[in-house]
Amino acid sequence: MAEFSYRGRQISREDILYIRALIERHPNESRRTLSTKLCEAWQWCQSNGALRDMVCRGMLLMLERAGQITLPPVSYVRHNPLAKRARPAPVFIDTTPVEGSLHQIQPLELAQVRRSGDEPLFNSLMEEHHYLGYEQPVGEHLKYLVWAQGRPIACLAWSSAPRHIGSRDRYIGWNQEARRRNIRFIAYNTRFLILPWVRVMHLASHILGRMAARISADWQRMYRHPLYFLETFVDPEQFRGTCYRAANWVLLGKTTGRGKQSNSYVPNRSIKEVLGYPLTKRFRERLGE
């Protein structure tokens with residue numbers, strides 16, 4: 001019997017035999033119930049103590065496709081409201097040019113708008129003015145609007161970091177087990193938008209500096225854990241990443257150009273620069289624990 005691996009967990013011959021016996025003991029239970037029972041038996045939990053039942057169901061499906069187990073038929077197909085999610089509607093705001101020095105538009109207000117009345121405004125501005133459009137984040141994430149003189153001038157989105165980025169992982173120096181435990185302490189800057197009618201020198205790097213000073217505390221309030229490191233990708237075919245460099249972000253390396261669904265060593269997307277920003281001098285120690 002072959003051994004398998006799923007999401008960092010090794011699945012032995014004994015594990016597969018245990019799963020078969022569990023299914024035989026509960027022939028009328030759903031896949032969801034079986035995954036819950038298996039997580040309880042294995043004490044397979046997230047860092048916050050919640051069962052990893054969704055990951056477990058993915059593992060069971062993989063084993064069934066490999067011919068190792070036979071699962072009961074699907075008993076319930078969950079409605080997915082995201083499958084036909086409507087795109088954010090356009091908003092009508094003042095587009096009078098904002099120009100001048102950074103000093104002239106101060107003070108700036110950075111507002112975390114996820115789960116607030118301004119979240120639809122954030123979504124609409126991203127959809128209408130960012131070259132990649134709006135994308136609903138998955139997992140832990142925060143959204144920010146930057147205001148000047150009562151007008152929105154910029155948007156930033158942050159989300160959970162990708163599990164494996166070679167250049168980042170080498171820079172941090174953690175092993176696979178430490179990465180699995182501590183990837184939640186890294187946030188990924190998925191979107192950064194200065195609205196097109198705003199032309200203020202040094203604004204972008206100033207915003208990044210302000211973000212670095214507060215995002216860990218905001219993450220702590222929302223998700224009950226801090227952040228130790230920030231990262232982002234820059235496509236050098238379109239951007240130079242000047243604002244990140246001016247804000248003291250570090251070039252960590254480049255991506256391989258292969259997405260997580262790639263089944264070969266041939267790049268299937270543009271190769272991007274990986275930039276990072278430590279939020280504490282002890283980030284390697286914290287992330288390697």
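Residues numbered from 1 in each chain as written. Predicted model: local features only at pLDDT ≥ 70, side-chain atom pairs only at ≥ 80, totals over all residues. Heavy atoms only, no water.

(A) Focus on the overall build of the protein. Regarding its fold elements, the protein presents 10 helices and 11 strands. For the C-alpha atoms alone, the extent of the protein along its principal axes is close to 70 × 40 × 40 Å. When the accessible area of the protein is evaluated, it comes to approximately 16,800 Å², of which 50% is carbon and sulfur surface. The positive charge centre, built from 43 side chains, and the negative charge centre, built from 26, are 2 Å apart in the protein. (Helix = DSSP H or I, 4+ residues; strand = E, 2+ residues; numbered from the N terminus. Areas by Shrake-Rupley, 256 points an atom, 1.4 Å probe, with all protein chains shown as cover. Lys, Arg positive; Asp, Glu negative; His and termini not counted. Charge placed at Lys NZ, Arg CZ, Asp CG, Glu CD.)

(B) The arrangement of the pattern of salt bridges in detail. Applying the stated criterion across every chain, the model contains 15 salt bridges. The closest approach of N and O atoms between aspartate 169 and arginine 168, which form a salt bridge, is 3.0 Å. Across the pair, arginine 168 and aspartate 169 agree in class, each one buried. Taken together, the shared-partner salt bridges connect Arg168, Asp169, Arg179 and Glu231 into one network. (Salt bridge = Lys/Arg side-chain N within 4 Å of Asp/Glu carboxyl O. Buried < 20%, exposed > 50% of the residue type's maximum accessible area, 1.4 Å probe, protein only.)

(C) Structural detail: the side chain of arginine 168. Take arginine 168: it is sitting in helix H6 (residues 166-172). Here arginine 168 is in contact with Ala161, Pro162, Arg163, Trp174, Arg179, Ile183, Ile186, Phe229, Glu231 and Leu252, once residues within four sequence places are set aside. (Contact = heavy atoms within 4.5 Å.)

(D) Seen up close, helix H3 (residues 53-65). Here H3 contains 13 residues, and its C-alpha end-to-end distance of 18 Å stays within 8% of the 18 Å for a straight helix at 1.5 Å per residue. Considered for burial, the residues of H3 that qualify are Asp53, Val55, Cys56, Gly58, Met59, Leu60 and Leu63. Where H3 is buried, its residues touch strand E1 (4-6), strand E2 (9-11), helix H1 (13-25) and helix H2 (31-42). A positive phi of about 80 degrees marks glycine 67, the residue just after H3. (Expected span 1.5 Å × (residues − 1).)

(E) The arrangement of the confidence of the model for the protein in detail. Looking at the protein as a whole, its pLDDT mean stands at 89, while 91% of the residues score no less than 70. Long-range and interchain partners of residues 261-265, a stretch whose pLDDT sits below 50, account for 3 contacts in this model, where long-range means more than four residues apart. (pLDDT = per-residue confidence, 0-100.)

(F) Region of interest: the packing of aromatic side chains. Taken as a whole and judged by the stated rule, the model has 12 aromatic pairs. When the centroid spacing of 5.0 Å and the interplanar angle of 75 degrees are considered together, the rings of tyrosine 244 and tryptophan 249 count as edge-to-face. This pair shows no difference in class: tyrosine 244 is buried, exactly as tryptophan 249 is. Three or more aromatic residues link up through ring pairs in this structure, and these residues are Trp158, Phe192, Tyr244, Trp249 and Tyr277. In this structure, arginine 9 packs its charged tip against the face of tryptophan 44, placed 5.0 Å from the ring centre. In this structure, arginine 25 is placed above the aromatic ring of tyrosine 18, and the distance from its NZ or CZ to the ring centre is 5.8 Å. (Phe/Tyr/Trp six-rings, centres within 6.5 Å; stacked < 30°, edge-to-face > 60°. Lys NZ or Arg CZ within 6 Å of the ring centre and 35° of its normal.)

(G) Looking closely at the environment of alanine 204. Relative to the elements of secondary structure, alanine 204 occurs in helix H8 (residues 203-223). Judged by its relative accessible area of 17%, alanine 204 falls in the buried class. C-alpha of alanine 204 to C-alpha of glycine 8: the two residues are 196 residues apart in sequence and 38 Å apart in space. Not counting residues within four places of it along the chain, the set of residues in contact with alanine 204 comprises Phe192, Ile194 and Cys243.

(H) View of empty space enclosed by the protein. Tallied over the entire structure, the rule returns 1 cavity of 30 Å³ or more. In this structure, the largest cavity encloses a volume near 30 Å³. Lining the largest cavity are Ile19, Leu22, Ile23, Leu34, Leu38, Leu60 and Leu71. Of all the secondary-structure elements, those providing two or more residues to the lining of the largest cavity are H1 and H2. By residue number, the principal contributor to the lining of the largest cavity is H1, which donates 3 residues. (1 Å grid on protein atoms, 1.4 Å probe; cavity = no way out; pocket = protein on both sides within 12 Å on 5 of 7 lines; lining within 4 Å. Points joined across faces, edges and corners; volume = space filled by probe spheres on them.)

(I) Summary view of the sheet that holds strand E7 (residues 186-194). Pairing in this open sheet of 7 strands is mixed, and the strands run E4-E5-E6-E7-E9-E11-E10 from one edge to the other. Looking at which strands have only one partner, the edges of the open sheet turn out to be strand E4 (108-112) and strand E10 (250-254). Strand-to-strand, the axes of this sheet are offset by a mean angle of 30 degrees, without reference to chain direction. As judged from the 4 bridges shared by E10 and strand E11 (residues 273-278), these two strands associate in the antiparallel manner. Its bridge partner lying in E11, lysine 254 is registered against glutamate 273. (Pairing = 2+ DSSP bridges. Axes fitted to C-alpha atoms, helices over the stretch in contact; angles between N-to-C directions.)

(J) A look at the pairing of strand E5 (residues 141-148). With 8 of 8 residues buried, E5 lies mostly within the body of the structure. Along E5, one buried face is formed by His141, Lys143, Leu145 and Trp147 and the opposite face, lined by Leu142, Tyr144, Val146 and Ala148, is buried too. Two elements, E4 and E5, share 5 bridges in a ladder whose sense is antiparallel. Note on E5: the bridge partner recorded for alanine 111 is leucine 145.

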